[in-house]
Amino acid sequence: MHELGIMTGVMESVETAARDAGATRVLEVRLTVGEMTEAIPDALEFAFEALSEQNELFDGAKLLITMVKPHSRCLACGAEFDHDRFHMFCPQCDSFALELLAGRELHIDSIEVDLPDD
C-alpha cells in the first residue's frame, strides 16, 4: 500500500509547517492527487486516520482530497482530451503517442491550523 508512504510524507511536511508556524493543532489538510499516481482516495484517508492516532497534533483533523482526471495532448495530431488510466488512445487519430498534461499531481494545497492566542 503505497498510500501509507505517501501519507507519511504529507503528514511530515504538514507537521513541520504547523510547528514552524507555532500551531497547536492541525484542523484540515487539503490535497490534490492525480489519478495517474494510482493512489486510492479511501486508502489515503485510512492512512491519514491511522497516522493521526499516533500524533496528537492531528487529533480531529480532516483530510480533503481533490482527484484530478488524466488530460493529455496527442503528439501526432495535437488534440487534447480527457481519458482514464486504461484508455489513452487519441480519440481523433487513434495514436498512443501522448503527452500527459494533468493527472500525475500530488501536492498539498493548504493546511488549516489552530494558533495560540498571544
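We now turn to the structure provided with this report.

1. A word on the sheet that holds strand 6 (residues 106-114)
Part 1: Strands sit in the order 2-1-6 across an open sheet of three strands; the sheet is mixed. Strands with a single pairing partner mark the edges of an open sheet, and in this sheet they are strand 2 (62-68) and strand 6. Between one strand axis and the next, the sheet turns by 15° as a mean value, whatever way the strands run.
Part 2: Direction of pairing for strand 1 (residues 25-34) relative to strand 6: antiparallel, over a ladder of eight bridges.

2. Considerations on the pairing of strand 2
Part 1: Inspection of the sheet shows strand 1 paired to strand 2 by seven bridges, in the parallel sense. For L31, the partnering residue across the bridge sits in strand 2 and is I65.
Part 2: In this region the chain leaves strand 1, passes through helix 2 (residues 41-52) and returns to the parallel neighbour strand 2; the handedness of that crossover is right-handed.

3. Some words on helix 2
Part 1: Along its twelve residues, helix 2 runs 16 Å from first to last C-alpha, staying within 8% of the 16 Å computed at 1.5 Å per residue.
Part 2: Every buried residue belonging to helix 2 is among A43, L44, A47, F48, L51 and S52, and all of these are buried. End-on view of helix 2: buried residues confined to an arc of 170°, all on one side of the axis. Exposed residues lying more than 90 degrees from the buried face of helix 2 are D42, F46 and E49.
Part 3: Where helix 2 is buried, its residues contact helix 1 (2-20), strand 1 and strand 2.

4. Examining the nonpolar core
Part 1: In terms of nonpolar packing, the biggest core is built from 20 residues, with M7, V10, V26, V29, L31, F48 and F58 touching the most fellow members.
Part 2: Secondary-structure elements contributing two or more residues to this core are helix 1, strand 1 and helix 2.
Part 3: By residue number, the principal contributor to this core is helix 1, which donates six residues.
Part 4: Those residues in contact with M7 that lie beyond four places of it in its chain are L31, L44, A47, F48, L51 and L63.

5. Topic: the packing of aromatic side chains
Part 1: For the coordinates displayed, the defined rule picks out two aromatic pairs.
Part 2: Taken together, a centroid distance of 6.2 Å and an interplanar angle of 90° make the contact between F48 and F58 edge-to-face. Linking F48 in helix 2 with F58 in the loop between helix 2 and strand 2, this pair joins segments that are ten residues apart in sequence.
Part 3: Residue classification places F58 among the buried residues on the basis of a relative accessible area of 1%.

6. Some points on a negative patch on the surface
Part 1: Together, D42, E45, E49 and E53 make up a region of like negative charge exposed at the surface.
Part 2: Structurally, E49 is set in helix 2.

The rules we used
- Sequence order sets the numbering: in each chain, residues are counted from 1 along the sequence as written.
- Given that the model is predicted, a residue must reach a pLDDT of at least 70 before its local features are reported, and side-chain atom pairs must reach 80 or more before they are shown or counted; all residues, however, enter totals for whole chains, interfaces and linings.
- Here the side-chain values reflect all heavy atoms present in the structure, with hydrogen atoms and water set aside.
- Whether two strands pair depends on DSSP finding at least two bridges between them.
- The helix count covers DSSP runs of H or I at least four residues long, the strand count covers runs of E at least two residues long, and both are numbered beginning at the N terminus.
- Inter-axis angles, ranging from 0 to 180 degrees, are taken between N-to-C directions of lines fitted to C-alpha atoms, where helices are fitted over the stretch in contact.
- Handedness of a crossover: with both strands directed away from the viewer, a clockwise path from the first strand across the helix to the second marks it as right-handed.
- Residue count minus one, scaled by 1.5 Å, sets the expected span of a helix.
- When a residue's accessible area, from a 1.4 Å probe over protein chains only, is under 20% of the maximum for its type it is buried; when over 50% it is exposed; and in between it is partly exposed.
- Taken from the helix axis, the directions to the C-beta atoms give the arc we talk about.
- When checking whether two residues touch, look at their non-hydrogen atoms; a contact exists if any pair is within 4.5 Å.
- Side-chain atoms within 4.5 Å link the members of a nonpolar core, which is a set of buried Ala, Val, Leu, Ile, Met, Phe, Trp, Tyr and Cys residues.
- Only Phe, Tyr and Trp rings are paired, with Trp represented by its six-membered ring, and only when their centres lie within 6.5 Å; those with planes under 30 degrees apart are stacked, over 60 edge-to-face, the remainder tilted.
- Candidate patch residues must exceed 30% relative accessible area and have no salt bridge, after which like charges are joined if within 9 Å and Val, Leu, Ile, Met, Phe, Trp or Tyr side chains if within 5 Å.
- Every accessible area reported is derived by Shrake-Rupley at a probe size of 1.4 Å, with residue values counting cover from the shown protein chains alone.
- Salt bridges, as used here, are contacts in which a Lys or Arg side-chain nitrogen is within 4 Å of a carboxyl oxygen on Asp or Glu.
- The positive count covers Lys and Arg only, the negative count covers Asp and Glu only, and His and the chain ends enter neither.
- One atom stands in for each charge, and that atom is NZ of Lys, CZ of Arg, CG of Asp or CD of Glu.

Keep in mind these values describe shape, not function.
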